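Results of the structural survey
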Amino acid sequence: MRAYLGAAGVAAVLLLGAASGPAVADSPSVGSDGFTIKDPRITESSGLAASRAHPGVYWTHNDSDDGAYLFAIDGRTGKTVATVTMTGVGSPRDVEAISIGPDGNIYVGDIGDNLGGKWDHVWVYKLPEPKKLTDQTVRATQYDVKYADGPRNAEAMMVHPKTGRVYIVEKGDDGGGLYEGPATLNASATNTFRRVADIDLWATDGAFSPDGKQLAVRGYFGGVSYTWNDGKPERQGRLSVPMQPQGESVTYTPDGKTLLYGSEGQGSEVEPVEVEGAGGSDDGSNSTSDQGGSDGGSAFTGKAGAVGAAVVLILLFGIGRLLRRPKNR
């Protein structure tokens, strides 16, 4: 869902700078240093997912009702190497998230709600990740989704890399719920998602670590890491989320050692933050205990905190302009 930050995002970048740095690893995944999305068609990148079939490629899409398009981005160059057009999904309404499951399928979350939680159902689309990176049309399966406790607005959808179960995080004003889908989605029936945990964040995206042991959830001005604990997440610490004009995406690199954060806007930057203590992806060894932060400091989590931060940044930016001395002519 569009929620433009305008001057707040610009001020955040100018005043605070990015809190990120390139990943340091012996053999880092392609893209670990970040990249710039070069495709002029991608102006509202709102989801990000590391390819399983094509190492170094990252899938993204535009926000809202841009169309049934997915873009494969080369993590080395930031250029689009393939455009996929989905069929069989009707007209997408508010596409907000993308994830790849252990079955090799791409899952797309048409889960935003521009009416603020009024639609009685949303959709998840599933399609096989193409074996060849060429412009092509791929038929997707469409799943109707509703929430057990009524309509919700959401921008974060994640597929667990081991179980294949789909999860959605509500974008709540003061934090939201983590909703768990059925063990298997059913294309011929409504799939009810049930609230299983609270998420202390005005969430814009989320991602599981490749080993499935961690959950990272980001917002505009911060993020929170959780240990997964077989579907019973426990808050672990703050994420060092870089300040971005409108940060709405996050994914792990395939080696699990870096979190990549993306933003809306043409020519947007995908910025890397090293996952501290990460020791690999699927071998079960040494997953992260603190992904670039801790609970020791303040963080902008809920909507009120994010809006407050934006107001402060705008004020500071304005004061700076007022105090700036005019140049001698």
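Preceding this section is the structure that the text describes.
The structure presented is a predicted model; accordingly, all values stated were derived computationally and were not measured.

The next thing to look at is the overall build of the protein chain. From N to C terminus, the protein chain includes two helices and 21 strands. Here the protein chain, with 329 residues, has 55% of them falling under the buried criterion. Summarising the internal contacts of the protein chain: among those between residues at least 6 apart in sequence, 57% fall at separations of at least 24. Summed over all atoms, the accessible surface of the protein chain reaches about 13,900 Å², with 49% contributed by carbon and sulfur.

Here the focus is the pattern of salt bridges. Pairing is possible between side chains of opposite charge, provided their charged atoms come close. By the definition in use, this model includes nine salt bridges. Arg165 is paired through a salt bridge with Glu180; the nearest N and O atoms lie 3.8 Å apart. Here Arg165, found in the loop between strand E11 (154–159) and strand E12 (166–170), pairs with Glu180, found in strand E13 (residues 176–180); they are 15 residues apart in sequence, far enough to count as distant. Arg235 is paired through a salt bridge with Asp200; the nearest N and O atoms lie 3.2 Å apart.

Phi at Asn229 is positive, roughly 55°, even though this residue is not glycine. Assignment of secondary structure puts Asn229 in the loop between strand E17 (223–227) and strand E18 (234–239). A positive phi angle is found at Asp230, which is not glycine, with a value near 55°. Checked against the element boundaries, Asp230 lands in the loop between E17 and E18.

Let's shift gears to the nonpolar core. Counting residues in each nonpolar core, the largest one holds 20 residues, and the members touching the most others are Trp59, Leu70, Met86, Ile106, Val108 and Leu127. Mapped onto this core, the elements with two or more residues apiece are strand E3 (57–62), strand E4 (69–74), strand E5 (80–87), strand E6 (97–100), strand E7 (105–110) and strand E8 (122–128). Ranked by size, the runner-up nonpolar core spans 16 residues in total, among them Val124, Tyr143, Val145 and Phe193.

Turning to the packing of aromatic side chains, a few remarks are in order. The final tally for this structure, using the stated rule, is six aromatic pairs. Here Phe35 and Tyr58 contribute two aromatic rings whose centre-to-centre distance is 5.6 Å and whose plane-to-plane angle is 35°, an arrangement assigned as tilted. In this pair, Phe35 is assigned in strand E1 (residues 35–36) and Tyr58 in strand E3, connecting sequence segments 23 residues apart. In this structure Tyr58 comes out as buried when scored by relative accessible area, which is 0%. Pairwise contacts between aromatic rings join Tyr167, Phe208 and Trp228 into one cluster. Sitting over the ring of Trp202, Lys171 keeps its end group 4.8 Å from the ring centre.

Rules used in this analysis
Residues numbered from 1 in each chain as written. Predicted model: local features only at pLDDT ≥ 70, side-chain atom pairs only at ≥ 80, totals over all residues. Heavy atoms only, no water. Helix = DSSP H or I, 4+ residues; strand = E, 2+ residues; numbered from the N terminus. Buried < 20%, exposed > 50% of the residue type's maximum accessible area, 1.4 Å probe, protein only. Contact = heavy atoms within 4.5 Å. Areas by Shrake-Rupley, 256 points an atom, 1.4 Å probe, with all protein chains shown as cover. Salt bridge = Lys/Arg side-chain N within 4 Å of Asp/Glu carboxyl O. Core = buried A, V, L, I, M, F, W, Y, C linked by side-chain atoms within 4.5 Å. Phe/Tyr/Trp six-rings, centres within 6.5 Å; stacked < 30°, edge-to-face > 60°. Lys NZ or Arg CZ within 6 Å of the ring centre and 35° of its normal.

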